[in-house]
Amino acid sequence: MRGETVALVLVLAGAMISVNAQAEDPGHAHAEGGSRTFAAAPPKASATSSTHQSTLLTSLVSEALENNPEIQAALRERDAASQRIAPAEALDDPVLEAGLVNAPLTSSTLNREDMTMKMIGLSQRLPFPGKRGLRKDVAAQDAQSVGYGYQETMNRVARDIKIAYFDLGLTLEMTRLVEKNKLILEDLLHIAEKHYGVGLGSQADALKAQTQVSRMLDELLRLARERPTIEAELIRALGRNAAVAAPEPEPPQLREETLTLESLRETALSQRPQLLALRSIVARNEKALDLARRNYYPDFDVRLAYGQRDNMLDGTRRPDMVTLTVAVNLPVWRENKLAPRVAEALAKRDQAQSLHEAQRNEVTASLRQQTAMAEQSLKSARLYQTAILPQARLTVESALAAYRVNRVDFLTLLDSQMTVFNYEISLVTAMASYNKALAEIDLLIGKPPAPGGLSLSAEPL
């Protein structure tokens, strides 16, 4: 029995030396039969990696701005709306008329009656002064709101790209962490089996380790199911063909930005395209109300006609004639025609004002939520990086050393390793949540698509 104990101690000592050696070299490849680093710290993001992420995300956003069908449709809608401004102010088509005037039915000649003539005329409808300008203003405000809608679509697509990018990066990083933890658990299972083989441990230790390995396999299957869904969303937002492979993001990286709720709110209220579009709709409905009230005034029809008369049968010359008339419509149907239109325009104006106010409140509330989420995610990530994870890794090392000399049981070592794994998952999740909150804030404040939506001057933590 003593010889078996000595042999076990030698095995564990060898495993410990291998573990420590690999902990000092995270990039060391796993050798056949060797042990892996327990709770090794993930490699720190380098400046080159951060720059690559910003460059890749920027290129993806630029690609989407050029190829996304929603953006292209919004652009065409904006172009179409701008073409409606000039026609709204234009006059109605003039009317050209030609014919015979005062031709007698009893004669086929045109020189028997003094008032018989061949006539050509031109008429034009002239709206009451101010109506054309109001029509142009209505169309201009419509075009402006559509233009803001185009900007909002670009910002929304850029947000979708960032969210899908960060989600995919999180999924890939979680897959890497699960695979790493699976390898570590397999080493722990191997140690537990050896411990049980020499009579110093129980079969329950090996079974517990095997259960955790199986749990990692199940987690890998879950992540494999989620990845195609996220990739499909990223491909859709990019406007790519479904057969094209999705880009592979870098692991989540943390970049700090200063967030001041009041400043963000002021920025959102002044430059969020959605709010500006609603403001244009309010102005448009104000003009439409003025135009509806202006319909109480008549329009004018101006007509100019020229009549050519033939000479009489006896050769007497008859002078040609000119006719000039002005006609006006009589807007007398006020109760059942004009007043309802004014009431409709007034209701639409009030509706637009209420929608604008409601959207202002929603933007303010969403900014408060996303800012709080960003701040909490940043604090959590910092806490994991600076305190929790280093302490948890030291706990694993201490538990492994104590287990080597039978001072702690195997479950303590196993639980310590799983705790480190859970904290690593929580860290990358907090990083991704922080970046996604920044992407949502960029949309809320109306920030135009920029490199990653992140501050280029911020240093990665």
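This is a predicted model, so every value here is computed, not measured.

A. View of the side chain of serine 377. Tracing the sequence through the fold places serine 377 in helix 9 (residues 334–404). Excluding residues within four positions of it along the chain, serine 377 makes contact with Ala430, Ser433 and Tyr434.

B. Examining the sheet that holds strand 3 (residues 300–308) more closely. Reading across from one edge, 1-2-3-4 is the order of the four strands in this open sheet, with antiparallel pairing throughout. At either margin of the open sheet sits one strand with a lone partner, and together these are strand 1 (95–101) and strand 4 (321–328). Neighbour to neighbour, the strand axes of the sheet diverge by 20° on average, direction disregarded. Judged from the nine bridges that link them, strand 2 (residues 117–126) and strand 3 form a sheet pairing that is antiparallel. Pairing of glutamine 124 across the sheet is with valine 302, part of strand 3.

C. Seen up close, the packing of helix 8 (residues 273–294) against helix 9. Contact pair helix 8 / helix 9: the axes reach a minimum separation of 8 Å and the direction vectors enclose 165°. Relative to helix 9, the element helix 8 lies roughly antiparallel. Crossing of helix 8 over helix 9 shows left-handed handedness. Classifying every residue of the contact of helix 8 with helix 9 gives 13 nonpolar, five polar and seven charged.

D. Molecular detail of the confidence of the model for the protein chain. Looking at the protein chain, pLDDT values average 83 and 81% of them are 70 or higher. In the model, residues 451–461 has pLDDT below 50 throughout and makes 28 contacts with residues more than four positions away in sequence or in other chains.

Definitions and limits used
- Along each chain, the written sequence defines residue order, and numbers are assigned to residues from 1.
- The predicted origin of the model limits local features to residues at a pLDDT of at least 70 and limits the giving and counting of side-chain atom pairs to 80 or more, whereas totals for whole chains, interfaces and linings rest on all residues.
- Just so you know, side-chain values use all the structure's heavy atoms and leave hydrogens and water out.
- Segments assigned H or I by DSSP are reported as helices when at least four residues long, segments assigned E as strands when at least two residues long, and all are numbered from the N terminus.
- Note on contacts: a residue pair qualifies if any of its non-hydrogen atoms lie within 4.5 Å across the two residues.
- Being paired, for any two strands, means DSSP has found at least two bridges between them.
- Axes here mean lines fitted to C-alpha atoms, for a helix over just the part in contact, with angles spanning 0 to 180 degrees between N-to-C directions.
- Roughly parallel covers angles under 35 degrees, roughly antiparallel covers those over 145, roughly perpendicular covers 65 to 115, and oblique covers all other angles.
- By the definition used in this description, the sense in which the near helix is turned from the far one sets the handedness, with an anticlockwise turn below a right angle giving left-handed and a clockwise turn giving right-handed.
- When residue character is reported, Ala, Val, Leu, Ile, Met, Phe, Trp, Tyr, Cys and Pro are called nonpolar, Asp, Glu, Lys and Arg charged, and the others, Gly included, polar.
- The quantity known as pLDDT measures the predictor's confidence residue by residue, on a range of 0 to 100.

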